[in-house]
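Inside the fold
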Amino acid sequence: MGTRGIALLALWLACATAWSAEPRTEHTFGLEPGESRPAAKLTDASWLVGSWTGTAFGQNFEQVWNPPSAGSMIGLFKLYGEQGVSFYELLELRVEDGSLSLKVKHFNADFTAWEDKADFVDFRLVKLEDNALHFGGLSFYRRGDDSIDGFIVMRKDEELTENHLRYVRRVKPAAVP
């Protein structure tokens, strides 16, 4: 993903929280006006715990999720290709208002932040299934113990596109308490 692609991703991410009521793509969901977010706990997302690798945006990625502790789960994401690192993410998953929120902070390859110091992108859970977590514009589908399909919606002009992230477990996690 070149500089232009990263800029478009940043623009989409900056607008993500405003889209929760819009229709989504084949694999992602949003809330209709007046709908409530589903009740959820961190243990509903414990299947994310572990070290993952995969492909997205024509590049490779690594993602790690720590087990729930002290009221949150922390994750790290790195997208890279032949030219080196494209960007990093620091992720926090926590319960807010009885449901899950995923907060994401982005960094360039030189570790300068995309968002201002106090800002982040907030993906709010809109649908919970036994083997899927659906945040506004971002979904994770558990495909067994060692694979996940992720889908993220991006907007270019007025067109929404769905991008697929293929996760494969790299390291088995320790038992989650």
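What you are looking at is a predicted structure, and each value in this text was computed from that prediction instead of being measured. (Residues numbered from 1 in each chain as written. Predicted model: local features only at pLDDT ≥ 70, side-chain atom pairs only at ≥ 80, totals over all residues. Heavy atoms only, no water.)

**A few points about the overall build of the chain**
Our working definition: By definition, any uninterrupted DSSP run of H or I lasting at least four residues is a helix, any uninterrupted run of E lasting at least two residues is a strand, and each is numbered from the N terminus. Working definition: with a 1.4 Å probe on protein chains only, accessible area under 20% of the residue-type maximum means buried, over 50% means exposed, and in between means partly exposed. In what follows, residue pairs with any heavy atoms lying within 4.5 Å of each other are defined as contacts. Only the protein chains shown count as cover for residues, with accessible areas throughout obtained via the Shrake-Rupley method and a probe of 1.4 Å.
Each helix and strand in the chain was counted, giving one helix and 10 strands. In sequence order, the chain lays out its α and β elements as α-β-β-β-β-β-β-β-β-β-β. By the burial criterion, 42% of the 177 residues in the chain qualify as buried. Relative to all contacts within the chain whose residues are 6 or more apart in sequence, the contacts with residues 24 or more apart total 45%. Of the roughly 9200 Å² that the chain leaves accessible, carbon and sulfur atoms contribute 52%.

**Regarding the pairing of strand S6 (residues 121-129)**
Keep this limit in mind: We call two strands paired when DSSP finds no fewer than two bridges between them.
Alignment of strand S5 (residues 99-108) against S6, held across four bridges, turns out to be antiparallel. Paired with lysine 103 across the two strands is aspartate 122, which belongs to S6. In terms of strand pairing, S6 meets strand S7 (residues 132-135) through four bridges, oriented antiparallel. Residue pairing for S7: lysine 127 is matched across the bridge by histidine 134.

**Some words on the environment of histidine 106**
For the record, the criterion: We define a polar contact as two N or O atoms separated by no more than 3.5 Å, with the added condition that, inside protein, one atom must be a possible hydrogen donor and the other a possible acceptor, whereas residues neighbouring each other in sequence contribute only through side-chain atom pairs.
Inspection of the secondary structure assignment puts histidine 106 in strand S5. For histidine 106 and phenylalanine 87, which are 19 residues apart along the polypeptide, the C-alpha to C-alpha distance reads 7.1 Å. A polar contact of 3.0 Å, which involves the side chain of histidine 106, links it to the side chain of glutamate 89.

**A few points about the packing of aromatic side chains**
Selection criterion: Stacked, tilted and edge-to-face are the three classes applied to pairs of Phe, Tyr and Trp rings, where Trp contributes its six-membered ring and a pair requires centres within 6.5 Å; stacked means planes under 30 degrees apart, edge-to-face means over 60, and tilted covers the rest.
As enumerated under the stated definition, the model contains 10 aromatic pairs in all. Each ring, one from phenylalanine 140 and one from tyrosine 167, has its centre 6.1 Å from the other, and the planes form 65°; the classification is edge-to-face. You can see phenylalanine 140 sitting in strand S8 (residues 138-142) and its partner tyrosine 167 sitting in strand S10 (residues 159-171), a full 27 residues away along the chain. Judged by its relative accessible area of 5%, phenylalanine 140 falls in the buried class. Given the relative accessible area of 6%, tyrosine 167 is considered buried. Among the aromatic side chains, those forming a connected cluster through ring pairs are Trp52, Phe61, Phe77, Phe87, Trp114, Phe135, Phe140 and Tyr167.

**Digging into the side chain of glutamine 63**
Among the structural elements, glutamine 63 can be located in strand S2 (residues 59-65). Glutamine 63 sits in the buried class, given a relative accessible area of 2%. At 2.8 Å, the side chain of glutamine 63 forms a polar contact with the side chain of tyrosine 167. Aside from chain neighbours lying at most four places away, what touches glutamine 63 is Gly50, Ser51, Trp52, Leu76, Phe77, Leu91 and Tyr167.

**Considering the environment of valine 64**
Assignment of secondary structure puts valine 64 in strand S2. As a C-alpha pair, valine 64 and arginine 170 span 106 residues in sequence and 9.5 Å in three-dimensional space. Among all residues touching valine 64, those that are not within four sequence positions of it are Gly50, Ser51, Ile74, Gly75 and Leu76.

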